[in-house]
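# Topology and contacts: notes
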Amino acid sequence: MKHGFVKVKAFSPELRVADIKFNTAKIIQAIWDSAENGVKVLVLPELCVCGASCGDLLLQPALLDACEIALDDIRASSEGKDIVVFVGAPLRGASAIYNSAIAICNGEILGVFPKTTPSSYTGARDSRYFSSLATDSEVKICKQAYDLSSECVLECESMPSLKIGVVIGDDALSFKSLIGGRCQDGATVIAHLDARCALVGSYERKVQSLVAQSAKYKCAIVSASAGEGETSSDMLFAPHNIICENGEILTQSGPFSSQNGECVSEIDTELLTGAR
């Protein structure tokens with residue numbers, strides 16, 4: 001990272017629904033490969049540890065326990081790696097389950113960010129499994145407590161212009177998009193974890209919305225969506241990842257990409273700060 005430039009990546013790793021050991025291995029491999037290639041910010045899809053289409057399995061303690069163990073394994077695997085990773089998983093509080101994004105860097109969990117807007121597209125069942133209100137102040141991962149920090153912005157000590165906000169799914173695409181709030185809190189880069197299924201026109205609307213918001217708020221958005229492995233029941237999924245900056249698309253993957261939707265680009269955080 002020099003002169004405000006940071007290398008970022010959106011990626012949809014190979015996934016098997018509810019096969020958490022398999023998914024964890026693919027996520028860890030993606031982290032190692034990305035770190036070796038100089039990527040500093042890696043964004044993975046919403047609920048990629050277990051799969052967003054698990055259905056009622058998301059209510060099972062066995063699956064939730066396995067997700068906690070997987071996150072601890074991912075955390076441990078990142079030790080010594082100069083990369084910030086955003087990974088999606090369900091986590092339990094004292095009174096509810098939360099669709100969460102977990103920020104991990106160099107063997108530490110930096111923060112846990114809950115989704116607040118239930119998905120509105122046809123077939124989504126977020127409200128059946130997850131709370132959209134942070135009724136709990138913390139969640140636990142392998143008995144270690146972490147604060148729920150939906151409005152937190154991560155700041156980089158070595159590059160003050162790199163400040164990362166996190167949004168999940170329709171938190172970025174709904175009428176009350178949270179991207180503006182994160183940018184008002186100082187974020188120059190938005191990590192967007194998504195698991196939107198493939199519907200007619202959905203990709204075009206997503207791109208238009210994200211690009212417009214990146215121009216409006218003078219930010220960069222790194223968006224990773226669920227891959228083909230999620231297609232196991234009545235919905236079709238295909239990775240459509242995008243990286244945009246200040247109203248311009250830097251790179252994007254087409255649906256049904258053969259490279260797991262891999263998108264890599266460099267963001268100029270000092271340009272964004274100057275534009276503001």
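Residue positions are given per chain, counted from 1 along the sequence in the order it is written. Local features are withheld for residues below a pLDDT of 70 in this predicted model, meaning they are given only at 70 or higher, and side-chain atom pairs are given and counted only at 80 or more; totals for whole chains, interfaces and linings count all residues. Excluding hydrogens and water, the side-chain values take into account all heavy atoms of the structure.

## Concerning the overall build of the chain
Across its full length, the chain carries six helices and 14 strands. Radius of gyration: over C-alpha atoms. The globule rule applied is 2.2 Å multiplied by the number of residues raised to the 0.38 power. Over its C-alpha trace the chain gives a radius of gyration of 17 Å, about what one expects of a compact globule, namely 19 Å for 276 residues. Here the C-alpha coordinates of the chain stretch approximately 50 × 40 × 35 Å along the principal axes. For this analysis, residues touch if any pair of their heavy atoms sits within 4.5 Å. Residue pairs at least 24 apart in sequence account for 68% of intrachain contacts in the chain once pairs closer than 6 positions are excluded. In these tables, accessible area is a Shrake-Rupley quantity obtained with a 1.4 Å probe, and a residue counts as shielded only by the protein chains included in the view. For the chain, the accessible surface area stands at approximately 11,600 Å², while carbon and sulfur atoms represent 49% of it. Comment: elements are numbered from the N terminus, with helices defined as DSSP H or I runs of at least four residues and strands as E runs of at least two.

## Considering the sheet that holds strand 1 (residues 5-10)
Taking strand neighbours across the sheet as the criterion, the six strands line up as 5-4-3-2-1-14 in an open arrangement whose pairing is mixed. The open sheet has two edge strands with one neighbour each: strand 5 (108-114) and strand 14 (263-268). Shown here is a sheet whose adjacent strand axes are inclined to one another by a mean of 30°, direction ignored. Only the contacting stretch of a helix is used when fitting its axis, a line to C-alpha atoms as for every element, and angles between N-to-C directions run 0 to 180 degrees. Contacts between helix 1 (residues 20-36) and the sheet are confined to strand 1, strand 2 (41-43) and strand 3 (84-92), with strand 2 contributing the most and set at about 150° to the helix. Note on pairing: DSSP must find at least two bridges between two strands before they are called paired.

## Here's the deal with the packing of helix 1 against helix 2 (residues 61-77)
At a minimum axis distance of 10 Å, the contact between helix 1 and helix 2 shows a crossing angle of 20°. Judged by the angle between their axes, helix 1 and helix 2 are roughly parallel. Note that helix 1 runs across helix 2; the crossing there is right-handed. For the pair helix 1 and helix 2, contact is made by Ile20, Thr24, Ile27, Ile28, Ile31 and Trp32 and by Leu63, Ala66, Cys67, Ala70, Asp73, Ile74 and Ser77, respectively. The residue inventory of the contact of helix 1 with helix 2, partitioned by class, reads 10 nonpolar, two polar and one charged. Roughly parallel means an angle under 35 degrees; roughly antiparallel means over 145; roughly perpendicular covers 65 to 115; every other angle is labelled oblique. Definitions for this section: a left-handed crossing has its near helix turned counterclockwise from the far helix by less than a right angle. A right-handed crossing has that turn clockwise. Gly falls in the polar group here, along with every residue not listed as nonpolar (Ala, Val, Leu, Ile, Met, Phe, Trp, Tyr, Cys, Pro) or charged (Asp, Glu, Lys, Arg).

## Regarding the sheet that holds strand 9 (residues 163-168)
Strands sit in the order 8-9-10-11-12-13 across an open sheet of six strands; the sheet is mixed. Among the strands making up the open sheet, the edge pair consists of strand 8 (154-155) and strand 13 (248-252). Two elements, strand 10 (residues 189-193) and strand 11 (residues 220-224), share five bridges in a ladder whose sense is parallel. Within strand 11, the position partnered with valine 189 by the bridge is alanine 220. Contacts from helix 5 (residues 202-216) reach strand 10, strand 11, strand 12 (242-245) and strand 13 within the one sheet, and its direction differs from that of strand 12 by about 30°.

## Quick look at the packing of aromatic side chains
Side-chain rings of Phe, Tyr and Trp, where Trp is taken by its six-membered ring, are said to pair if the distance between their centres is within 6.5 Å; with planes under 30 degrees apart they count as stacked, over 60 as edge-to-face, and otherwise as tilted. In this structure the tally under the stated criterion is one aromatic pair. Ring geometry for tyrosine 129 against phenylalanine 130: centres 6.3 Å apart, planes inclined by 70°, an arrangement best described as edge-to-face. Working rule: Lys NZ or Arg CZ, within 6 Å of ring centre, within 35 degrees of ring normal, means a charge sits over the ring. Just above the ring of phenylalanine 11 sits the side chain of lysine 9; from NZ or CZ to the centre is 4.8 Å.

## Considerations on the side chain of serine 100
Considering the arrangement of structural elements, one finds serine 100 in strand 4 (residues 97-105). Filtering out sequence-adjacent residues up to four positions away, serine 100 remains in contact with Val87, Gly88, Ala89, Leu91, Val112, Phe113, Pro114 and Ile168.

## Re the environment of glycine 165
Tracing the chain through its elements places glycine 165 in strand 9. Judged by relative accessible area, glycine 165 falls into the buried class, the value being 0%. The sequence separation of glycine 165 and glycine 181 amounts to 16 residues, and the corresponding C-alpha distance is 9.2 Å. Dropping the residues within four chain positions of it, glycine 165 is found in contact with Arg182, Ala187, Val189, Ile190 and Ala191. A simple rule labels every residue: compare its accessible area, found with a 1.4 Å probe on the protein chains alone, to the largest value its type can have, and call it buried under 20%, exposed over 50%, or partly exposed in between.

## Focus on the pairing of strand 1
Relative to strand 14, strand 1 is paired through six bridges, and the arrangement is antiparallel. Counterpart to valine 8 in the pairing with strand 14 is serine 265. Where strand 1 lies against strand 2, three bridges are found, and the strand directions are parallel. By the bridge assignment, lysine 9 is partnered in strand 2 with leucine 42. By the criterion used throughout, a crossover qualifies as right-handed when its path from the first strand across the helix to the second strand runs clockwise, the strands pointing away from the viewer. With respect to chirality, the unit in which strand 1 leads through helix 1 into the neighbouring parallel strand 2 is right-handed.

## Quick look at the nonpolar core
Nonpolar side chains in soluble globular proteins generally cluster together in the buried interior. Counting 40 residues, the largest nonpolar core has Val49, Val87 and Ile102 as its most contacted members. A total of six residues in this core trace back to one element, the largest contributor, which is helix 2. In this description, a nonpolar core means a group of buried Ala, Val, Leu, Ile, Met, Phe, Trp, Tyr and Cys residues linked to one another through side-chain atoms lying within 4.5 Å. Of all hydrophobic cores here, the second largest spans 27 residues; its members include Phe86, Cys105, Met159 and Ala191.

## Section: helix 1
Each residue after the first adds 1.5 Å to the expected span of a helix. Taking 1.5 Å per residue, 17 residues should reach 24 Å; helix 1 reaches 24 Å between its end C-alpha atoms and fits that length. Phi turns positive one or two residues past the end of helix 1, at glycine 38, with a value near 85°.

## Considerations on the side chain of asparagine 23
Take asparagine 23: it is sitting in helix 1. Given a relative accessible area of 1%, asparagine 23 falls into the buried group. Those residues in contact with asparagine 23 that lie beyond four places of it in its chain are Glu14, Leu15, Arg16, Cys48, Val49 and Cys50.

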